[in-house]
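# Analysis of the macromolecular model
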Amino acid sequence: MRKIGIIMNGVTGRMGTNQHLGRSIAAIRKQGGLELRDKTVVMPEPVLVGRNALKLERLAKEWGIERWSTYLAACLADKENIIYFDAQSTLLRAESVKEAIKAGKHVYCEKPLAGTLEESLELARAAERAGVKNGVVQDKLFLPGILKLKQVIASGFLGRVLSVRGEFGYWVFEGPMPPAQRPSWNYRKEEGGGIILDMFPHWQYVLENLFGRVTAVSCIARTTIPDRVDEAGKTYTCTADDAAYATFELEGGAIAHINSSWATRVNRSELLELHVDGTAGSAVAGLRECKVQSRVTTPKAVWNPDTPNPIHFLDAWQTVPTTVAEENAFKIQWEMFLRHVLENAPFPHGFLEAAKGVQLAEAGRASWSERRWVEVPELSLR
Ligand SMILES: NC(=O)c1ccc[n+]([C@@H]2O[C@H](COP(=O)([O-])OP(=O)(O)OC[C@H]3O[C@@H](n4cnc5c(N)ncnc54)[C@H](O)[C@@H]3O)[C@@H](O)[C@H]2O)c1
């Protein structure tokens, strides 16, 4: 059994606690560690890092973790810790990641990697120069519904993909009752908030990995809810976009349109749905499920609003069955990153890929503010 020291910064937050500590690292520890190709079993030994000692102590106890610290520099100086992980709020990430790279740690991060493309590329170059392994969370690729959609695409069922329509969002309460279910910094631009910076990095890697690279974007956004109530019960002014409506042009000619909103009431089966139309068939994928309809089973719709439609359109779809054991998407990617660090396994989700997500968010913001289509050039480290 080999112990692997992992610094987990920002672990008291929503993502840090639930997805990365609870459902990933603690879950890997609970299953007895991770077995490598050469049969060595590695056991993650995290040190939980943050500002609030009381919270860290409580969290460590809850998850059976021995180490916690409010002093990042000391954790970085400890040679036992070979990986630095960051789930701090977005604008805090770049500085800590720079320190971690300087200390020679391999680095794994939440998205977006940084607040700007320039900063993201700087981190990617620094990691490359230092020769440390690097990675960013691209969890949506490992969701059961999206994995099924990938399988549908790979089978050729859809034929030529024509368009993708995405609906993402739900109502985020303004507070005080019911209290908001997302942190208040999400609604303050100056603290790294905004739905474009939050969600476009996801759309970038989902679209590129499933359908083709995004080559241009047209986006319009709004701050629909002007005031909200924060974690302390205080009313604040929202300065960030909370709804964005964007059209993406893809390499190969398909068009994707995705609505992202924290001010919409859900009338769909899942919080994210992607509807893909192709010449030979269509698919509708969510977080967990994927439905398909082929050309030969497509009902012949005839426009006549004067009588009730005899076709039950929703019944004309088939569900893609679950054929493999489903794992938490974040845990799948954590195990991939550990294998990347420990046995050099491939990990196609490095900092350059992370920078592409921030690039698309910047392009989306530019399109909105300048009221025009914005090209998205191919990115490289040079
Ligand atoms: N992959 C995904 O699906 C997904 C979903 C939501 C959020 N995220 C990303 O995860 C990151 C964290 O988001 P969250 O929703 O967990 O936020 P959160 O507000 O719940 O957590 C933020 C963390 O940063 C820490 N922090 C905040 N201000 C700090 C400061 N001044 N100094 C030091 N630490 C500070 C907090 O203590 C906390 O641990 C963000 O970058 C966000 O974009 C990713």
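Residues numbered from 1 in each chain as written. Predicted model: local features only at pLDDT ≥ 70, side-chain atom pairs only at ≥ 80, totals over all residues. Heavy atoms only, no water.

So, on to the pairing of strand 15 (residues 281-285). Successive residues of a regular strand alternate their side chains across the two faces of the sheet. Burial within strand 15 is extensive, with 5 of its 5 residues counted as buried. Taking the residues that link successive antiparallel strands as the turn, the strand 14 (residues 272-278)-strand 15 hairpin has 2 residues. In the sheet, strand 15 pairs with strand 16 (residues 290-294) via 5 bridges, with the strands oriented antiparallel. Within strand 16, the residue paired with Ala 283 across the bridge is Val 292. Connecting strand 15 to the next strand, strand 16, in antiparallel fashion are 4 residues. (Buried < 20%, exposed > 50% of the residue type's maximum accessible area, 1.4 Å probe, protein only. Helix = DSSP H or I, 4+ residues; strand = E, 2+ residues; numbered from the N terminus. Pairing = 2+ DSSP bridges.)

With that out of the way, let us pick up the site of the ligand. In the region of the ligand, 23 residues are neighbours, and Thr 12, Arg 14, Thr 90, Arg 93 and Trp 185 sit closest. Note that an oxygen atom of the ligand is positioned 2.9 Å from one of the backbone N or O atoms of Met 15. Contact distances for the ligand include 2.8 Å between an oxygen atom and a side-chain N or O atom of Trp 185. Burial of the ligand by the surrounding chains reaches 81%, relative to a free accessible area of 840 Å². Elements supplying a minimum of two residues to the shell around the ligand: helix 1 (14-30) and helix 7 (195-210). Split into classes, the residues belonging to the shell around the ligand amount to 8 nonpolar, 7 polar and 8 charged. Taken domain by domain, the shell around the ligand gets at least three of its residues from each of domain 1 (2-139 + 329-351) and domain 2 (141-325 + 360-369). (Near = heavy atom within 4 Å. Polar contact = N/O pair within 3.5 Å; in protein donor to acceptor, adjacent residues only side chain to side chain. Areas by Shrake-Rupley, 256 points an atom, 1.4 Å probe, with all protein chains shown as cover. Nonpolar A, V, L, I, M, F, W, Y, C, P; charged D, E, K, R; others polar. Domains from an automatic or database assignment.)

What follows concerns helix 1. Its 17 residues place the ends of helix 1 only 21 Å apart at the C-alpha level, less than the 24 Å of an ideal helix rising 1.5 Å per residue. Considering bend angle alone, the principal kink of helix 1 is centred on Leu 21 and spans about 45 degrees. Within helix 1 the residues assigned to the buried category are Gly 16, Thr 17, Gln 19, His 20, Leu 21, Gly 22, Ser 24, Ile 25, Ala 26 and Ile 28. (Expected span 1.5 Å × (residues − 1). Bend = angle between axes of the 7 residues up to and from the residue.)

With that settled, consider the sheet that holds strand 9 (residues 214-222). An order of 17-16-15-14-8-13-12-9-18 is seen for the 9 strands of this open sheet, with the pairing classed as mixed. Strands at the two margins of the open sheet, each flanked by one partner only, are strand 17 (318-319) and strand 18 (374-375). Of the strands in this sheet, strand 8 (161-169), strand 9, strand 12 (243-250), strand 13 (255-261) and strand 14 touch helix 7, which is tilted by about 25 degrees from strand 12. (Contact = heavy atoms within 4.5 Å. Axes fitted to C-alpha atoms, helices over the stretch in contact; angles between N-to-C directions.)

Another point: the pairing of strand 1 (residues 2-9). Counting buried residues along strand 1, 6 of its 8 residues qualify, which places the element largely inside the surrounding structure. The sheet contact formed by strand 1 and strand 3 (residues 41-49) spans 8 bridges and is parallel. Its bridge partner being in strand 3, Met 8 is matched across the sheet by Leu 48. Two strands pair when backbone bridges link them, and strand 1 and strand 5 (residues 81-86) are joined in this way by 5 bridges, in the parallel orientation.

Residue position: Ser 120 is located in helix 5 (residues 117-130). From its side chain, Ser 120 meets the backbone oxygen of Thr 116 in a polar contact 2.8 Å long.

In this structure the tally under the stated criterion is 24 salt bridges. Between Arg 165 and Asp 277 there is a salt bridge, with its nearest N and O atoms 3.7 Å apart. Here the residue Arg 165 occupies a position in strand 8, and Asp 277 occupies one in strand 14, the gap between them amounting to 112 residues. Looking at Arg 165, the relative accessible area reads 44%, which means it is partly exposed. Linking Arg 213 and Glu 251 is a salt bridge whose minimum nitrogen-to-oxygen distance equals 3.5 Å. Placement of Arg 213 in the loop between helix 7 and strand 9 and of Glu 251 in the loop between strand 12 and strand 13 is noted, with a sequence separation of 38 residues between them. By relative accessible area, Glu 251 is classed as partly exposed at 44%. (Salt bridge = Lys/Arg side-chain N within 4 Å of Asp/Glu carboxyl O.)

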